[in-house]
Structures are given as structure tokens and as C-alpha cells.
Amino acid sequence: MEHTQVIVVGGGAAGMMAAVYAADAGARVLLLERGNTCGRKLRITGKGRCNVTNDCTLEEFMQNVPTNPRFLYSALNFLSPEDTQLFFTEAGVPLKTERGRRVFPVSDRAEDIVRALYDACRKRGVEHRTGRVESLILEDGAVRGVICDGAALPGDRVIVCTGGMSYPRTGSDGDGYRLAREAGHTVTPLIPSLVPLVSSSKLCGALQGLSLRNVSMTVIETASNRVVYEDFGEMMFTHFGITGPMVLSASAHLSDLTPGKYEARINLKPALEEKTLDARILSDFNQYQNKDFQNALGDLLPQKLIPVVIGLSGISPHKKVNSVTKEERHALIEVLRGLRIKLDRFRPISEAIVTKGGVSVREIRPKTMESKLCYGLYFAGEVLDVDAYTGGYNLQIAFSTGALAGASAAE
């Protein structure tokens, strides 16, 4: 019997892994990538370091997937985070585990991960061709191939791994959603996730360029005062609002961000209880007792923060610290423990790390990644309506769904 011909559309993380597993299962594989190289988005993930996966259990993994986690159960059992680490280690890329159990190549080079995947495809005889898939060839409820750059390419199975809408310059511009709709699939609303947040607060402009470490952030739903998200770590102020690891993670919890609905509260001194912080301030004031208030905060705060904090505290910058009252110190502590930033909207989806929304998983078989609507059509990676928090989870989803789709399509 002639080997199954599998066409993989998209040469990213999910696509290359799908090609590897389809070839391992005995299929003839054609990998179609519209760009001149594979793995362009993969090359810039993790600031070019590539957070490959997260060294956690399946249960812990699921807790970091806010959208349709149960759908991923079969895929993650097929290719677990541990399996992914073994794959790259055996491919000659030594890995290391950092804070939060985030796994990176020892070299800190995303290029090494891309090369390992591409070499794995090449060694298995995967044919790589450049071109844009314009449409699917559909007959009698089944896929028969694709139209690529005007040419018909026959195939027994087609796996769509085109990514989402984020970073369109890397080729992820929504082509996969168009192909899915062509086959009758539902595409859920697409919004950015893991993306910087826009704020009209004047604080952000005044603090533009300031990075903060070891601070905590709580996102509050203003109408109910309900806590939506809490985290500890790093963030940065920009001309448009706020960004940084904590902010990106917070964005994944805000599916319906509208101006004024949410507020971020930044605790600049989360390690200090209120009484301890007051004692620290008193100690500094004692040291600088003959100085103006504006000149007594240099040991407590970055220079750029001082005028902002003074303005919010309501204390005169020229008041001698030895005359600052207990009530005024309390006002200062309130500012230090709860810098308030109104959140207005997401930055554009083109700046997001991942896309929330995609091909409805209700129309996909979770044990194979095959379409329930079109025989021989499979989906994997970010094109699906599945997304996770930062920490290597989204790449693992791409690898796991890609591997399962590839192996299933080759059968």
C-alpha cells in the first residue's frame, strides 16, 4: 500500500512537530511554510531564549490553561513536558530549568530549538516547500489536498498549524481561521492574550521606562472590588501603559477588558507589612531628619518614582521630615502599598504573544486532533481555541497537539 500523503500547513512549533511524528509513523510528509524559513515566531519567543516547556505535572499544567484545558488531556498524555524535554535533549539541545520551572536551552538560543526541529524533519525525509496555502481541496466531506500558490497539491490528510493572529510579521496573520471556516468550522472570537495593557493614567507617562522588580500586582474588578489576578515579580511603565511578565500574565485573565472595568494596584513594598514599612520609613526619616520630604525617600524608592509618590501622598515636598505627622505617614504607606492604575484596553493583537480564541474545540476530536466536520482535516497549535499563561505552557500545547495530529494523520 502506498504511504499516506500528509500535508502540514505551517512550519512553526506545531507544524514541524506534526511533520516529525507523521514521518515517524510512516507517512510521506510535505511541509508548507509561507515564509522563507521555518520557525520564525519560535525564534523570538522568550526574548530569543525560547521557553520550551514547563517541568510540571499534568495536573499543574492544566491549572495554567484557562481556556478548554480538558480538551488537551489526550495530547498532553501523548507528548508530555517530560517527553518534550527528552526530544530536544536527544536532538542535541541540552536544557535547563529556571524559576517557575521554566525550561530553556542551556545556550539561551531559540535558534537551537528551531534547528533541532528542522533537522529532525530533514532526517526523516520531510519535504519542505515555500508557499501560501490559498484554500483546501474539499470533496464529499473530506479534504483531498490544498491549493498552494495557484497549484493543486493532492494529499490524503491535511494538518493546519498556521498559528494565530499575533506577530503577523512572522507569518501568523489568521490564514488558518480562513481555512477552518472554508471547511465549515466555527472560529470563536479572537482577542489578544499575554499582551501589554493600555492605561490613560498620567502615572504611566510620568514613569515611562521605569522597570520595577519584586513588586506585587493585584487586578481588581472595580464595580465589585473582586480580585481577578494577583502576582509577584517584574513590570515596566511605558508611554501607553504597563507591560512586563506580571502584566502579560494578567492580560490572560481579562477576556472583556473595557475602560474602567479593571484597575491594577501595585504594592511597591510587598515584603513589608504595614507596621514594618512604617518602622522603615521612620528609620529613614530619623536619618534624614533635617531634610525636606522630597530628599528623604532616595533609600526607599527609585528616583523616578519619588515625585509621583509625593504627589499622590498629599505631603508637601518641602516639608521637613521631622514634622511629618503619623497621619501623613499613613497616607504615604497607602500609596506605597497600592499604586492605582486604571486599565483601558489591550495593546493590538499583533503585539500579543498568543491569540485567545480560534477553531472551536467542540468540532475537533481530542484524541486525534481531527475535524469532526471534514474527514482527513486536522488542526494543531495556536489556531485552536486553547491558550495558557506564560511559563512555557503555550509552546508545549503546540508541540503536544502537533505531535498527536501528525501521528493520527499518518495512520
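Counting of residues starts from 1 at the beginning of each chain's written sequence and follows it residue by residue. Local features in this predicted model are restricted to residues of pLDDT 70 or higher, and side-chain atom pairs are both shown and tallied only at a pLDDT of 80 or more, whereas totals for entire chains, interfaces and linings draw on every residue. Excluding hydrogens and water, the side-chain figures rest on all heavy atoms present in the structure.

Q: Lay out the overall build of the protein chain with the relevant residues and their values.
A: Runs of H or I in DSSP of at least four residues are treated as helices and runs of E of at least two as strands, each being numbered from the N terminus. Counting secondary structure elements, the protein chain contains 13 helices and 20 strands. For the exposure calls, accessible area comes from a 1.4 Å probe over protein chains only, and a residue counts as buried if that area is under 20% of its type's maximum, exposed if over 50%, partly exposed in between. Within the protein chain, the proportion of its 411 residues that are buried is 56%. Only carbon and sulfur atoms are counted for the fraction: they give 49% of the accessible area of the protein chain, which is about 17900 Å². Residue burial considers only the protein chains on display, and all accessible areas are found by Shrake-Rupley using a 1.4 Å probe.

Q: So, the pattern of salt bridges: which residues are in play, and what are the values?
A: When a carboxyl oxygen of Asp or Glu is within 4 Å of a side-chain nitrogen of Lys or Arg, the pair counts as a salt bridge. In the structure shown here, the tally under the stated rule is 27 salt bridges. Taken together, the salt bridges that share partners define one network made up of Arg43, Arg109, Glu111, Asp112 and Arg115.

Q: Please set out the side chain of arginine 329 residue by residue, giving values where relevant.
A: With respect to the helices and strands, arginine 329 occurs in helix H12 (residues 326-336). Judged by relative accessible area, which is 11%, arginine 329 ranks as buried. Polar contacts, as counted here, are pairs of nitrogen or oxygen atoms within 3.5 Å of one another; within protein the pair requires one atom able to donate a hydrogen and one able to accept it, and residues that are adjacent in sequence qualify only if both atoms are side-chain atoms. A distance of 2.7 Å separates polar atoms of two side chains, one belonging to arginine 329 and the other to aspartate 278.

Q: Would you mind going over the sheet that holds strand E12 (residues 197-198) in detail, with residue names and values included?
A: The antiparallel open sheet is built from seven strands, whose spatial order is E17-E16-E13-E14-E15-E12-E18. Here the strands that pair on one side only, and so sit at the sheet edges, are strand E17 (339-343) and strand E18 (345-346). By the bridge criterion, two bridges tie E12 to strand E15 (residues 241-243) in an arrangement that is antiparallel. What sits directly across from leucine 197, in E15, is isoleucine 242. Pairing between two strands requires that DSSP report at least two bridges joining them.

Q: Tell me about the packing of helix H1 (residues 13-24) against helix H13 (residues 393-410), and name the residues and values.
A: When two helices pack together, their arrangement is given by the angle between the helix axes and by the axis-to-axis distance. All axes here are fitted lines through C-alpha atoms, helices being fitted over the stretch that makes contact, and every angle between N-to-C directions spans 0 to 180 degrees. As a packed pair, H1 and H13 sit with axes 7 Å apart at the nearest point and diverge in direction by 35 degrees. Both H1 and H13 take part in a crossing whose hand is right-handed. Contacts between H1 and H13 pair Ala13, Ala14, Met17, Ala18, Tyr21 and Ala22 from the former with Leu395, Ala398, Phe399, Gly402, Ala403, Gly406, Ala407 and Ala410 from the latter. Definitions for this section: a left-handed crossing has its near helix turned counterclockwise from the far helix by less than a right angle. A right-handed crossing has that turn clockwise. Here, two residues are considered to be in contact whenever any of their heavy atoms come within 4.5 Å of each other.

Q: How would you summarise helix H5 (residues 81-90) if you had to cite specific residues and measurements?
A: Taken together, the buried positions of H5 are Pro81, Thr84, Gln85, Phe87 and Phe88. Buried residues of H5, viewed axially, fall in a sector of 155 degrees; they line one side. In H5, those exposed residues whose orientation departs by more than 90 degrees from the buried face are Glu82 and Glu90. The arc in question is the one traced by the directions running from the helix axis out to the C-beta atoms.

Q: Lay out the side chain of threonine 355 in plain terms, naming residues and giving numbers.
A: With respect to the helices, strands and loops of the structure, threonine 355 is situated in strand E19 (residues 354-356). Ignoring sequence-local partners within four residues, the contact set of threonine 355 consists of Gly164, Met165, Ser166, Tyr177, Leu190, Ile191, Ile349, Glu382 and Asp387.

Q: Just give me the short version of the sheet that holds strand E9 (residues 151-154), but keep the residues and values in it.
A: Strand order in the open sheet made by the three strands is E7-E8-E9, with antiparallel pairing throughout. Bordering the open sheet on either side are strand E7 (133-139) and E9, each of which pairs with just one other strand. Across the sheet, the axes of successive neighbouring strands diverge by a mean angle of 30 degrees, strand direction being ignored. Where E7 and strand E8 (residues 142-148) come together, six bridges link them in antiparallel fashion. Residue pairing in the sheet places leucine 138 in a bridge with valine 143 of E8.

Q: Quick rundown of H13? Include the residues and the values.
A: Expected span, for any helix, means 1.5 Å times one less than how many residues it has. The end-to-end C-alpha separation of H13 is 26 Å, in line with the 26 Å expected for 18 residues at 1.5 Å each. Counted residue by residue, H13 has 18 buried out of 18 residues, so it is predominantly covered.

Q: Kindly report on the pairing of E8, identifying the contributing residues and their values.
A: Among the seven residues that make up E8, five are buried, leaving the element largely enclosed by the rest of the structure. Two successive antiparallel strands, E7 and E8, enclose a turn made up of two residues, where aspartate 140 displays a positive phi of approximately 50 degrees. Where E8 lies against E9, four bridges are found, and the strand directions are antiparallel. Opposite cysteine 148, over in E9, you have alanine 151 as the bridge partner. A loop of two residues connects E8 with E9, the two strands running antiparallel in sequence, and aspartate 149 in this loop sits at a positive phi of about 50 degrees.

Q: Give me the lowdown on the packing of aromatic side chains, citing residues and values where you can.
A: To describe a pair of aromatic rings, one takes the distance between the centres and the angle between the planes. By convention, a stacked pair of Phe, Tyr or Trp rings (six-membered ring in the case of Trp) has centres within 6.5 Å and planes under 30 degrees apart, an edge-to-face pair has planes over 60 apart, and any other such pair is tilted. Taken as a whole and judged by the stated rule, the model has five aromatic pairs. Measuring from centroid to centroid gives 5.1 Å for phenylalanine 87 and phenylalanine 88, while their planes differ by 85 degrees, and the two rings are edge-to-face. On the basis of relative accessible area, phenylalanine 87 is assigned to the buried category, the value being 14%. Each residue in the set Phe87, Phe88 and Phe399 is aromatic and connected to the rest through ring pairs, giving one cluster. Consider the ring centre and the ring normal. A charge sits over the ring if Lys NZ or Arg CZ is within 6 Å of that centre and within 35 degrees of that normal. The residue whose ring lies beneath arginine 49 is phenylalanine 104, and the NZ or CZ to ring-centre distance is 3.9 Å. The side chain of arginine 347 reaches across the aromatic face of phenylalanine 240, ending 4.1 Å from its centre.

Q: Give me the environment of tyrosine 73: which residues, what numbers.
A: Take tyrosine 73: it is sitting in helix H4 (residues 73-78). According to the relative accessible area criterion, tyrosine 73 is partly exposed, its value standing at 48%. Considering only alpha carbons, one finds tyrosine 73 and asparagine 214, 141 residues apart in sequence, at a separation of 34 Å. Among all residues touching tyrosine 73, those that are not within four sequence positions of it are Leu58 and Met62.

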